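# Commentary on secondary and tertiary structure
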Amino acid sequence: MSNQGPKTLFDKIWSEHLVGQREDGTNLLYIDRHLVHEVTSPQAFEGLKISNRPVHRPEATIAVADHNVPTINRQNIEDPQSKIQVETLAKNTKEHGIQYFDLMDQRQGIVHIIGPEQGITQPGMTIVCGDSHTSTHGAFGALAFGIGTSEVEHVLATQTIVQNPAKNMRISVNGELPFGVNSKDLILYIIGKIGTAGGTGHVIEYAGSSIMGLSMEGRMTICNMSIEAGARAGLISPDQTTFNYIKGRPYAPGTEHWDQAVEYWSSLPSDNDANYDHEIVIDSSEIDPMVTWGTSPEDVVSVKGTVPNPSSAKTENKKKSIERSLEYMGLKPGTKITDIKLDKIFIGSCTNGRIEDLRKVASIVKDKKIASHVQAMIVPGSGLVKKQAEEEGIDKILKDAGFEWREAGCSMCLGMNPDQLKPGERCASTSNRNFEGRQGRGGRTHLMSPELAAASAITGNISDIRDFT
Amino acid sequence: MDKFHSLKGIAAPLPIVNIDTDMIIPKQFLKTIKRTGLGVSLFYEMRYDNDGNLIKDFVLNTSPYDQSKILVAGDNFGCGSSREHAPWSLKDFGIRSVISTSFADIFYNNCFQNGILPIVVSPENLDQLMTAAKNQIEFTIDLPEQVIKAGNHLIKFEIEEFRKERLLQGLDDIGITLGYKDKINAYEEDKKNKKPWLFKNN
């Protein structure tokens, strides 16, 4: 990457944050904001203690517990290990003077929901968190990526990270989105197209009229799942939609700096003739509502499609992998996707647990009842999302339809808390990973949009929102 | 951090693509606040049945693979979450090197933080090494020479110089970076003037 010539959004943020080069040739990148949760941080704080190192800049870090927390009866965490982890976070943050939103704080929620919600996430920033879905924050034109616990410790101690620049990839999606197709379908389609290792070593910039036409919530859903495409981070150019979203939020730049910040943010979009290592152009008219059938996020198919046949695989490895997935999922080749019967519905997660997602679900299930054989759960991404939904009467619509209305947290996206699938149970899920055992041992996950999950809750089968009236 | 120089031992074949970090160490084991003790839970759902008994035909449950120091696995190893519990559990089991055709970025990074050497080889070489592993041929991995020896196979591999040095010397990354503290402080002072909103906390 040269300092001269046209630059991508990634190049601009990168060069702005370069502290310098170490003698071993690696780059030190400055980190503006560090988000911390209970699962990947205890060993990092322990490491600091052992080496007797302080936190370099405590006010640049914000902590919250989300992975382990129960979504009902949260006064008492029953699992003793979960309880210790949450208490350890409270203790560590207090000891080092780090801001912590505790479980009784209305601002508590999934770390990637609350960052944007509080205005912590801003264009041009570097943001890290010991969580792979940190890519979510790229929706604001911030370079945001997940790190391991050793790196969490490194950031706490130095406010920098050791990195070498990623390659640039641009995925442009153009045209008006067809009826029934939204950001979740777009990103599932992209992952299906490039594969779960398609973005490895790259930062993906999403561009084109379909992307820029999305709300901030929609953009976050796209960037959130960049990691499922193997990318280190996702990025979308900041624009007026971004600025409008940020303005007035608690941690947003105040009046005294607002104009200066916007001026800087406006300089961030990629230069017209910037160079990308990889370019993909997609016409949005080719995209249907998408569903996963297998155990990798790349196992996607149109909701109008069928379960694939292993014999159609191009390589022996792929064939074996399809066979393994089908066995785990309990599916037969050729089955129509809409013939797949469900046991559970999970709406929530850092992918689709925002107010806009809840509003869509409410509009679909209003005055209807969920199928008698399904259990449906809706988990707001944060305490504030929950509050807003309740103010809008969304909770009542959902409860009337038969949904369970829960407290904020990661919930069944990863089943570290009491919300889990039982072996063999089949779930329509708005989350981001359909890995074996992800939502509970033996549990079977079909990823999809909140609209499809809502329609599927009513019919009890995976359903096409376009057929649903 | 533990040093890594060379390694000799049996390699376990795991010919599955997209082995994700949930498979390597499932969520219920992430509740620990320690780095150690995870080896017994490595690949838990493939290794144990619903009652917690060892599944006899899973490779790491059979001799001599239960003593493996090396894993040979399918493409895109370590995809999924950022949990460093994945390399912690591998290391605690005794695995010090993983060979595949590609690795997910975060997992790859995490390995080096823990003295584990992930090695990328070509699909042809992976096939050869997978067969050698199945035939229980002893592997030798020589980091200074950047070569894997297994029977008749002699396979060179690439590694970035700084990563190699860090493994060979077992360097403390934070310690190195703290040597640049003046630069970090200077960077912050500069940005406080140029982008003051980044240093305001409400």
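Each value, and the rule that gives it
Residues numbered from 1 in each chain as written. Chains lettered and ligands numbered in written order. Predicted model: local features only at pLDDT ≥ 70, side-chain atom pairs only at ≥ 80, totals over all residues. Heavy atoms only, no water. Pairing = 2+ DSSP bridges. Helix = DSSP H or I, 4+ residues; strand = E, 2+ residues; numbered from the N terminus. Axes fitted to C-alpha atoms, helices over the stretch in contact; angles between N-to-C directions. Contact = heavy atoms within 4.5 Å. Buried < 20%, exposed > 50% of the residue type's maximum accessible area, 1.4 Å probe, protein only. Polar contact = N/O pair within 3.5 Å; in protein donor to acceptor, adjacent residues only side chain to side chain. Expected span 1.5 Å × (residues − 1).

### What about the sheet that holds strand β9 (residues 167–174) of chain A?
Residue and element names in this part refer to chain A. Spatial ordering of the open sheet is given by β11-β10-β9-β12, a layout of four strands whose pairing is parallel. In this open sheet, the two edge strands, each paired with only one partner strand, are β11 (233–235) and β12 (278–283). With strand direction ignored, the average angle separating the axes of adjacent strands in the sheet is 20 degrees. Note: strand β10 (residues 202–207) against β11, three bridges, orientation parallel. Bridge pairing in β11 links Ile 204 to Gly 234. Sitting on the sheet, helix α1 (residues 9–16) is in contact with β9, β10 and β11, with an inclination near 115 degrees to β11.

### Overview of the sheet that holds strand β3 (residues 70–73) of chain B
Within a sheet, neighbouring strands are paired by backbone hydrogen bonds and run either parallel or antiparallel to one another. Residues and elements named next belong to chain B. What the four strands build is an open sheet, ordered β2-β3-β4-β5; its pairing is parallel. The sheet terminates laterally at β2 (11–14) and β5 (117–120), the two strands that pair on one side only. Each strand of the sheet is rotated relative to its neighbour by a mean of 20 degrees, with strand direction disregarded. Pairing of β2 with β3 involves four bridges; the strand directions are parallel. Its bridge partner being in β3, Ala 12 is matched across the sheet by Leu 71.

### Comments concerning the environment of Asn 461 of chain A
Residues and elements named next belong to chain A. Looking at where Asn 461 falls in the secondary structure, it is placed in the segment after α16 (450–459). For Asn 461, a relative accessible area of 24% corresponds to the partly exposed category. C-alpha of Asn 461 to C-alpha of Asp 339: the two residues are 122 residues apart in sequence and 6.3 Å apart in space. When near neighbours in sequence (up to four residues on either side) are disregarded, Asn 461 contacts Thr 338, Asp 339, Ile 340, Lys 341, Leu 342 and Ser 456. A distance of 3.1 Å separates a polar side-chain atom of Asn 461 from the backbone oxygen of Thr 338.

### What about helix α6 (residues 183–194) of chain A?
Count 3.6 residues to each turn of an α-helix, and residues three or four apart come out pointing the same way. Residues and elements named next belong to chain A. Here α6 contains twelve residues, and its C-alpha end-to-end distance of 17 Å stays within 8% of the 16 Å for a straight helix at 1.5 Å per residue. Buried residues dominate α6, accounting for ten of its twelve residues. Looking only at α6, the buried set comprises Ser 183, Lys 184, Asp 185, Leu 186, Ile 187, Leu 188, Tyr 189, Ile 190, Ile 191 and Ile 194. In this structure Asn 182 caps α6, since a side-chain oxygen of it lies 2.8 Å from the backbone nitrogen of Lys 184. Gly 195 lies just past α6 and shows a positive phi near 85 degrees.

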